[in-house]
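Descriptive structure summary
Okay, here's what each chain looks like letter by letter:
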Amino acid sequence: MLIGFDLLDRQILDRDGEPVGKVDDVELAVDGNGTPYVAALLIGQQALGDRIGGVLGRWLAGTARRLAPAPTPGPIRIPYDLVAEVTSSVNLSVSRDLLPEPPLESWLRDHLINRIPGADNAG
Amino acid sequence: MKRVLAIALGVLTAIGGFVDIGDIVANAESGARFGLSHAWVPLVGVIGICAYAEMSGRVSAVSGRPVFDLVRERLGPRVALANLAGSLLVTVLTLGAEIGGVGLALQLATSVGYLLWVPVVGVVLWVVLWRAKFSLLENLFGLTGLALVVFVIAFLHLHSDTGQLWRQATHPGPPVGEDWGTYWFFAVALFASAMTPYEVFFFSSGGVEERWSSKDLLTSRVNVFVGFPLGGLLAFALMATAATVFHPLQMSVDSLSQVALPAAVAFGKLGLAAAILGFFAATFGAAMETGLSSAYTVAQYFGWAWGKFRRPNGAARFHTVLMVSILVGVAVLMTTIDPIQLTEYTLVFSAVALPLTYLPILVVANDSGYLGRRVNGRLANGFGLLYLVIVLAAAIAAIPLMIVTRMGGG
Amino acid sequence: MKLIHRLIIAATALLGLWAGLAYQVSQPPAASGYARTVLQVAASAHDAATTGVLVARQQLRDHLTDAYTTTAYDDAVRAVAGAQQKLATAVAPDDASAALRDRLVPLVQDTVRDLSDAAAARDETTLGHAIDALGRTSRQLNDLVAELQANSRRDGPP
């Protein structure tokens with residue numbers, strides 16, 4: 001599998017097909033024999049911004065970093081063990097409720113969306 | 001039987017939903033100034049949008065994912081981000097133009113200035129997108145947009161000089177008093193109005209919202225190949241009636257009130273009411289589509305949860321982008337820029353952004369990783385490549401033509 | 001390429017653009033540019049007057065709603081007012097241009113007056129008179145536009 005072509009930037013879906021995010025970057029590790037392998041998928045504008053680079057990338061990553069909750073400032077990390085299958089999307093074997101929620105989503109939901117009546121009703 | 005009804009409803013919606021403020025302005029202006037000598041452009045544009053909408057509908061139905069969800073994988077994050085920025089700018093400007101169009105239609109109905117309507121329209125638009133059921137809305141505004149059929153009937157009723165119109169249509173080129181620069185400028189604007197990028201964003205994401213699967217390929221194709229050409233016919237009727245009523249007087253058209261006039265000439269108050277209702281439904285429907293499209297493109301680039309079928313608090317980022325887009329659209333109009341002028345600028349920028357939309361679709365539609373055996377056949381690729389060349393030519397020519405002709409002013 | 005280099009290139013490009021714009025603006029108005037403005041204003045006024053005729057005729061046939069009529073006249077008057085302003089802010093570069101302007105100005109004023117008359121008309125006779133007046137103005141403007149177009153073709157493209 002080519003990481004650049006088959007993994008990076010793919011949509012990640014949870015067990016129920018709900019979107020979790022894109023593979024914004026991957027974390028590589030080296031096993032006992034010195035062979036590198038994909039340890040985790042990284043999600044979030046921090047990882048994406050660092051990968052894009054330049055002024056825009058730094059700004060993207062910087063804003064995301066400021067929003068991230070204090071104890072876990074890095075991007076969201078999904079261990080590769082949780083990946084069930086890679087098709088046109090990356091399908092996880094768990095529900096997204098078990099994964100950390102993106103900070104921007106929680107912030108906007110708590111500070112904006114949930115304050116508007118009807119935020120609970122699907123269209 | 002139920003299935004046939006569903007398909008018929010989809011087609012009617014596609015017809016009524018095809019026309020937006022860009023089509024209204026571009027067709028009426030060109031008909032008044034150039035008669036039917038641009039008649040070939042909407043035809044070329046409609047075939048193009050059909051070819052590409054079919055591809056993006058097929059991608060949605062087979063892979064269950066909208067085209068622009070897949071763009072980043074193929075173009076990489078940087079190019080896709082640039083693409084997103086360009087498409088988003090054009091779509092939000094178009095949203096502003098559509099809201100302005102709704103305001104103008106309401107002004108025709110009430111004589112209250114459009115600028116007073118704009119904030120109201122913005123709020124109503126947001127509430128509707130926040131609360132109401134998606135398919136219901138789409139059908140409601142699509143069907144009401146069919147009122148524009150009044151221009152087709154008016155054209156038949158107006159005793160136009162068919163010989164003269166036929167001569168114009170078969171001899172493309174500027175009439176006396178116009179030059180080739182303005183002729184091509186309007187040709188590019190008309191082409192961009194038929195192939196407006198948001199139409200495919202919306203079409204493919206809408207397919208996913210309605211949970212299309214391979215079984216729905218037929219529905220998608222009937223919608224595209226029957227609905228879009230008939231919708232294009234409504235737009236063309238605006239050109240034909242303007243060519244009948246205004247062109248012989250050697251005048252140009254620069255307000256929505258003038259565009260509605262041929263319907264009143266033919267059928268009096270009833271015709272006028274149908275025209276205004278049609279303008280309202282067409283622009284409001286397009287405002288919903290462009291608003292949603294802005295949010296779709298951003299959410300799909302970043303991989304966020306998106307869509308009207310989710311609870312807003314399950315897609316907070318999506319709904320925030322939607323809200324901000326509407327605010328920006330309203331703010332643009334609040335600078336008191338004339339909505340018709342805003343539409344003209346939007347069409348030029350749309351023309352420039354066309355390749356950003358259509359190249360990725362062609363790439364994804366040829367990817368067997370997503371589409372399996374449903375990848376583009378020779379015919380689809382033939383049309384796809386041909387239109388890619390046309391789209392590139394229009395994109396390159398748009399800005400120089402705009403400068404040389406001073407927005408078609410001559 | 002270092003950031004500073006990029007910045008320098010961007011700044012130079014911006015400066016060049018700005019200088020070009022400043023040069024363009026500081027040029028004395030060319031006669032052909034003024035002629036174009038006059039042509040545009042005449043065309044706008046002609047369009048407004050002709051629209052007035054079309055609208056008023058449909059009004060006589062009772063084909064229009066009041067709200068529509070108000071809006072249509074408003075749109076037409078606003079278009080002429082915009083054109084009038086454009087003409088007022090442009091400076092005529094020579095006597096020939098000034099003569100041209102002096103022929104156009106009364107016609108534009110007539111258009112505004114006739115449009116207001118039509119919009120204010122309460123009975124068919126007044127409206128009929130307004131139609132006649134608008135039609136006259138429209139024809140005169142049409143002749144002027146044709147003449148200006150012929151001139152600009154003779155002088156070649158600006």
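Since the model is a prediction, treat every value here as computed from it, not as a measurement.

The rules behind the values
- Residues numbered from 1 in each chain as written.
- Chains lettered and ligands numbered in written order.
- Predicted model: local features only at pLDDT ≥ 70, side-chain atom pairs only at ≥ 80, totals over all residues.
- Heavy atoms only, no water.
- Helix = DSSP H or I, 4+ residues; strand = E, 2+ residues; numbered from the N terminus.
- Buried < 20%, exposed > 50% of the residue type's maximum accessible area, 1.4 Å probe, protein only.
- Pairing = 2+ DSSP bridges.
- Axes fitted to C-alpha atoms, helices over the stretch in contact; angles between N-to-C directions.
- Contact = heavy atoms within 4.5 Å.
- Buried area = accessible area lost by both parts, 1.4 Å probe.
- Salt bridge = Lys/Arg side-chain N within 4 Å of Asp/Glu carboxyl O.
- Left-handed = near helix turned anticlockwise from the far one by under 90°.
- Nonpolar A, V, L, I, M, F, W, Y, C, P; charged D, E, K, R; others polar.
- Polar contact = N/O pair within 3.5 Å; in protein donor to acceptor, adjacent residues only side chain to side chain.
- pLDDT = per-residue confidence, 0-100.

1. Overview of unusual backbone geometry
Notably, Asp9 of chain A is not glycine yet its phi reads approximately 70°, a positive angle. Along the chain, the position of Asp9 of chain A falls in the loop between helix H1 (3–7) and strand S1 (11–13). A relative accessible area of 3% places Asp9 of chain A in the buried class. Positive phi values are uncommon outside glycine, yet His159 of chain B reaches one of about 50°. Tracing the backbone shows His159 of chain B in the loop between helix H7 (149–157) and helix H8 (162–170).

2. Observations concerning the sheet that holds strand S4 (residues 36–43) of chain A
All names here are of chain A. Taken together, the 3 strands give an open sheet; going across it, the order is S3-S4-S5, and neighbouring strands pair in antiparallel fashion. Edge positions in the open sheet fall to strand S3 (25–30) and strand S5 (76–79), since each of these has one partner strand only. The average angle at which neighbouring strand axes cross in this sheet is 35°, direction not considered. Bridge analysis of S3 against S4 gives 6 bridges, and the strand direction is antiparallel. The residue bridging Val30 from the neighbouring strand is Pro36, located in S4.

3. Focus: the interface of chain B and chain A
Contact residues are listed per partner, giving 35 residues for chain B and 37 residues for chain A. Summing both sides of the interface, chain B and chain A together bury roughly 3100 Å²; the carbon and sulfur share of this comes to 54%. It is Arg72, Asn313 and Arg317 of chain B in chain B that bury the most area against chain A; as a group they hold 19% of the surface buried on that side. Between Lys22 of chain A and Asp69 of chain B there is a salt bridge, with the nearest N and O atoms lying 2.8 Å from each other.

4. Some points on the side chain of Thr283 of chain B
Residue and element names in this part refer to chain B. Within the secondary structure layout, Thr283 lies in helix H12 (residues 256–302). Residue Thr283 is classed as buried on the basis of its relative accessible area of 1%. Apart from the residues lying within four places of it in its own chain, the contact partners of Thr283 are Ile21, Ile24, Glu98, Gly101 and Val102.

5. Some thoughts on the packing of helix H5 (residues 114–131) of chain B against H12 of chain B
Residue and element names in this part refer to chain B. Look at H5 against H12: their axes get within 11 Å of each other, and the N-to-C directions meet at 65°. In the crossing of H5 with H12, the sense of the turn from one axis to the other is right-handed. Contact residues: H5 offers Val121, Val124, Leu125, Val128 and Leu129, while H12 offers Phe284, Ala287, Met288 and Leu292. Residue classes in the contact of H5 with H12 are distributed as 9 nonpolar, no polar and no charged.

6. Quick notes on the environment of Lys22 of chain A
Position of Lys22 of chain A relative to the elements: it lies in strand S2 (residues 19–22). Taking the C-alpha atoms as reference, Lys22 of chain A lies 9.0 Å from Leu41 of chain A; in sequence the two are 19 residues apart. A polar contact is formed between the side chain of Lys22 of chain A and the backbone oxygen of Gln300 of chain B, at a distance of 3.2 Å.

7. A word on the confidence of the model for chain B
Overall, the predicted model of chain B reaches an average pLDDT of 92, with 100% of residues at or above 70. No element of chain B has a lower mean pLDDT than helix H1 (residues 2–18) of chain B, at 81, and none a higher one than helix H13 (residues 316–334) of chain B, at 97.

8. With respect to the interface of chain B and chain C
With 26 residues of chain B at the contact, the number on the chain C side is 24 residues. Both faces combined, the contact of chain B with chain C buries some 2100 Å², and carbon together with sulfur accounts for 57% of it. For the pair chain B and chain C, the number of links is 1 salt bridge. Asp62 of chain C serves as the salt-bridge partner of Lys269 of chain B, at 3.1 Å between the closest nitrogen and oxygen. Secondary structure elements with two or more residues in the side of chain B that touches chain C: helix H4 (67–110) and H12 of chain B. For the side of chain B that touches chain C, the element with the most residues is H12 of chain B, which contributes 9 residues. Tallied by class, the residues present in the side of chain B that touches chain C amount to 11 nonpolar, 12 polar and 3 charged.

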